[in-house]
Amino acid sequence: MSLILLLLPLAYQPQHWLSYPAVIEESIAITASQHHLFLGVPDGIYIFTQRELRHIRTLTAADGLNGRVKICAYNPVQNELLTATTEQLYQFLPGSGRVFPLYPPFKTIHAIGITPVGAFFQTETGLFQKQRTADAYKPVASVPEPVTWYEEKDTLTPQSFPFLTPYFIVDEELNTCPFTSVWLNNYDRRLFVFARGYGILIYNSRTGFKERDFRPGPPPLKINQIIATGDTTYFLSHDRIIALDPAGNWRQFSPGPLTVVRPGMPTIFPALTQLNRQRTTVTTIFISHPETVLLGTDNGIYRVHPDQKVYRFTDFPHPVNALARMRDSLLVGTDNGLFLMVNDTFTPVTDPFARTDFGVFNIARTRGTTFFGTYGGVLELDANNTWNRLIPPGFDLSQPVRALTAADRFLFVGSRNGIDVYNIKDKTWWKIDRTNGLPKEEITALYADERYLWIAAPGIITRYDYRAALKK
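Everything in this summary refers to the structure shown in the same document.

### Quick notes on helix α2 (residues 269–277)
Within the sequence span of α2, burial applies to Phe269, Pro270, Ala271, Leu272, Thr273 and Leu275. A positive phi of about 60 degrees marks Arg279, the residue just after α2.

### Looking at the sheet that holds strand β34 (residues 377–381)
Strand order across the open sheet formed by 4 strands is β32-β33-β34-β35, with antiparallel pairing between neighbours. With one partner strand each, in any of the chains shown, β32 (362–366) and β35 (387–390) form the two edges of the open sheet. Taken over all neighbouring pairs, the strand axes of this sheet differ in orientation by 20 degrees on average, direction set aside. Direction of pairing for β32 relative to strand β33 (residues 369–374): antiparallel, over a ladder of 5 bridges.

### Some words on the side chain of Thr366
Here Thr366 is to be found in strand β32. What makes Thr366 buried here is its relative accessible area of 11%.

### Considering the environment of Gly373
The residue Gly373 is located in strand β33 in this model. Residues Gly373 and Arg355 lie 18 residues apart in sequence; the distance between their C-alpha atoms is 9.5 Å. Not counting the four nearest positions on each side in its chain, Gly373 is found in contact with Gly359, Val360, Phe361, Asn362, Val401 and Leu404.

### Observations regarding the pairing of strand β23 (residues 250–253)
Here strand β22 (residues 241–244) runs beside β23; their pairing, made up of 4 bridges, is antiparallel. In the strand pairing of β23, Ile242 is matched with Gln252. With antiparallel pairing between neighbouring strands as the criterion, β22 and β23 make up a hairpin whose turn holds 5 residues, including Gly248 at a positive phi of roughly 85 degrees.

### Examining a nonpolar patch on the surface
On the surface, Phe168, Val170 and Leu174 cluster together to form a nonpolar patch covering roughly 290 Å² of accessible area. Along the chain, Phe168 falls in strand β15 (residues 168–170). With relative accessibility at 35%, the residue Phe168 sits in the partly exposed group.

### A word on the pairing of strand β10 (residues 109–115)
On any regular strand, side chains alternate: one points to one face of the sheet, the next to the other face. Within β10, 6 of the 7 residues are buried, which leaves it mostly tucked inside the rest of the structure. Two strands pair when backbone bridges link them, and β10 and strand β11 (residues 118–123) are joined in this way by 6 bridges, in the antiparallel orientation. Its bridge partner lying in β11, Ile114 is registered against Ala119. Between β10 and β11, which pair antiparallel one after the other, the connecting turn spans 2 residues. Two elements, β10 and strand β14 (residues 148–151), share 4 bridges in a ladder whose sense is antiparallel.

### Quick word on the sheet that holds strand β5 (residues 55–59)
Reading across the sheet, the 4 strands line up as β2-β3-β4-β5 and stay open at both edges, with antiparallel pairing between neighbours. Edge positions in the sheet fall to β2 (29–32) and β5, since each has one partner strand and no second. The mean inter-strand angle of the sheet, taken between neighbouring strand axes irrespective of direction, is 20 degrees. Here 6 bridges tie strand β3 (residues 36–41) to strand β4 (residues 44–49), and the two strands are oriented antiparallel to one another. When the sheet's bridge partners are listed, Leu37 is paired in β4 with Phe48.

### A word on the pattern of salt bridges
Enumeration over the complete set of coordinates arrives at 14 salt bridges. The salt bridge partner of Asp420 is Lys431, with a shortest N-O separation of 3.2 Å. Taken together, the residues span a long stretch of sequence, with Asp420 in strand β38 (residues 418–423) and Lys431 in strand β39 (residues 428–432) at a distance of 11 residues. By relative accessible area, Lys431 is classed as partly exposed at 26%. The network of salt bridges with shared partners includes Arg367, Asp408, Glu450 and Arg467.

Reading guide: rules and limits
- Residues numbered from 1 in each chain as written.
- Predicted model: local features only at pLDDT ≥ 70, side-chain atom pairs only at ≥ 80, totals over all residues.
- Heavy atoms only, no water.
- Buried < 20%, exposed > 50% of the residue type's maximum accessible area, 1.4 Å probe, protein only.
- Helix = DSSP H or I, 4+ residues; strand = E, 2+ residues; numbered from the N terminus.
- Pairing = 2+ DSSP bridges.
- Axes fitted to C-alpha atoms, helices over the stretch in contact; angles between N-to-C directions.
- Contact = heavy atoms within 4.5 Å.
- Patch = residues over 30% accessible without salt bridge, like charges linked within 9 Å, V, L, I, M, F, W, Y side chains within 5 Å.
- Areas by Shrake-Rupley, 256 points an atom, 1.4 Å probe, with all protein chains shown as cover.
- Salt bridge = Lys/Arg side-chain N within 4 Å of Asp/Glu carboxyl O.

As structure tokens, then:
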């Protein structure tokens, strides 16, 4: 029984995961049932409620999808979502909530046609009809009308709807975002218009009036750091900030030298814009509480004042990887070691394992314990100033730990092979990877609060309800 309880966190439980694959307008597949809207992007399939467009689930590689999503088509006759990826054909049954691989007698699917009698496939060897919900197919000479084709036979374009003139939208930063494709929802006649670099706009196809903007996911950027202030979570890339608000809206901001600060931007954005104008690269952001924000850069440490102006806090000879408070002092992690700042004086910090000498790439703290990401593992400094070296089982000792976060009794260590979780109280390790819910195993950034673990990987951001999953 103890072994069973220990293995429970390792089982994939879809209700604890919500993924946000990168939305690439040129690679969107969209279809709908009476109750749900399915939005396919290369790394997964979003499932929304039909009317409110509330995000309720995402199908990813953790659900069994292999390859990049190309075509999605809902077949109402059998209540199934058919998905063609670059590798295989899949069937998702909403009633069971499961994805099943299919093995048809053809390899390349050019289009899927949905008719009143079921689903048809145009392939490299001709037309085939799927037999009910079974994994069985028969060749046919033609497809009965009416038919709705998905992918290559889709003939609708933005120019099919004159009320979309001039066929582009200007975003908040005055960038022109052209309309690239459209999709008409036959259930309610809403028109979904995809704008490159912006998102989706929804129009009433009968009146031509725009109903709302719809930005379902993040852009395809590499995320280096995740922070949260108030009720908004921010994801930082090299030159962008991506924001996710409580309503599920995604926004991106570019702190370029000519950026005009506008309402609705993150409060830290003016400071980033100011440093960008000075050609200073921000490498890390540290928020100890809402009124104290420090920015680590490639040439020093800056402080953001409540008036949103940024001032040089101190010069520093090395690019800063991480910042953390320890009582009245400031810990600074760099490629050249760990430093302690006291009264404007930097003192090198050494550990008994001599690991910080080779670089400190991230710092995490919880309940008086501080963790340092180093080459080959993590250093732990407890409240009694005792050092311990933590090495996840099977960890690559040549790999630097750049993705690191901690909350309550858990330490999360990201790598190229998933997430290693350390129970600080029980001193036990377990692994989060593809087998138990992680869509991609190359982790670039982590952030944990008291309930959720936010995970950034190439092309996808994921929220894991670790508190519910671990029942702690």
